[in-house]
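Observations on the model geometry
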Amino acid sequence: MRRKILPALCVAVLAFTGCSGGGTEAPSAPDTAAGADVDTDLDLPVDEADTVRPPCPFDAAQITEFVGEPMVDQGTCSFGDGKGVAQLTVTTASRLAGESTYDYQRQQAGQIYTTVTEIGDGAKGYLAVKDIGAEAVVVGDGGSYTVTLSSFARLGARPDGYEQALRRLLDALPR
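Computed from a predicted structure; not experimentally measured.

Focus: the side chain of Ser78
Examined against the element boundaries, Ser78 turns out to sit in strand E4 (residues 78-80). Relative accessible area serves as the criterion here: at 12%, Ser78 is assigned to the buried category. Leaving out residues up to four positions away in the same chain, Ser78 has contacts with Val72, Asp73, Gln87, Leu88 and Thr89.

Some details on helix H6 (residues 161-172)
Taking 1.5 Å as the rise per residue, H6 with 12 residues should run 16 Å; its terminal C-alpha atoms sit 17 Å apart, in good agreement. Within H6, the full set of buried residues consists of Gly161, Tyr162, Ala165, Leu166, Leu169 and Leu170. The buried residues of H6 all sit within an arc of 160° when viewed along its axis, so they share a single face.

Thoughts on the pattern of salt bridges
Close approach of charged atoms lets side chains of opposite charge pair. Tallying each qualifying case throughout the model produces four salt bridges. A salt bridge links Arg95 to Asp141; its shortest N-O distance comes to 3.2 Å. Placement of the pair is Arg95 in helix H4 (residues 95-112) and Asp141 in the loop between strand E8 (133-140) and strand E9 (143-150), with a sequence separation of 46 residues. Using a relative accessible area of 14% as the deciding quantity, one classes Arg95 as buried.

So, how was this worked out
- Residues numbered from 1 in each chain as written.
- Predicted model: local features only at pLDDT ≥ 70, side-chain atom pairs only at ≥ 80, totals over all residues.
- Heavy atoms only, no water.
- Helix = DSSP H or I, 4+ residues; strand = E, 2+ residues; numbered from the N terminus.
- Buried < 20%, exposed > 50% of the residue type's maximum accessible area, 1.4 Å probe, protein only.
- Contact = heavy atoms within 4.5 Å.
- Expected span 1.5 Å × (residues − 1).
- Arc of directions from axis to C-beta.
- Salt bridge = Lys/Arg side-chain N within 4 Å of Asp/Glu carboxyl O.

Structural data, given as structure tokens:
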């Protein structure tokens, strides 16, 4: 039985890689004489914002200003209150990635949060809020951003505290 597994594996690998024992000619490169970047799979122009993940747009001082509590940079666009309680995270992605996951994220937010509203400034995005946390997703020309906040005592004490903080954050995002 073992003697038959290795040859079968080799045949499967050759079949999947397209090796037919024929010529060794490489596929031709796309014509980029016009100077435009080209997606070689689809031969469509590629916009950099579609494929490049933007950097973290904030530092701890800015986050402190947005949420009204001292925050510490914990790396990878994650900020905490230094006590292990309050947490704010900004996840960045390319516009293409954001567009691809937006509908799913929006649907999930409707199941997790008490209220979900569109951001309403012409951009594609939503705000989702519940008593102990919030989430905002925005997809724009510069990329996509998912902002999550949890366990902020000051924000949770006010009925619209999380929403106000999210709106301040969204207004400061590059779009």
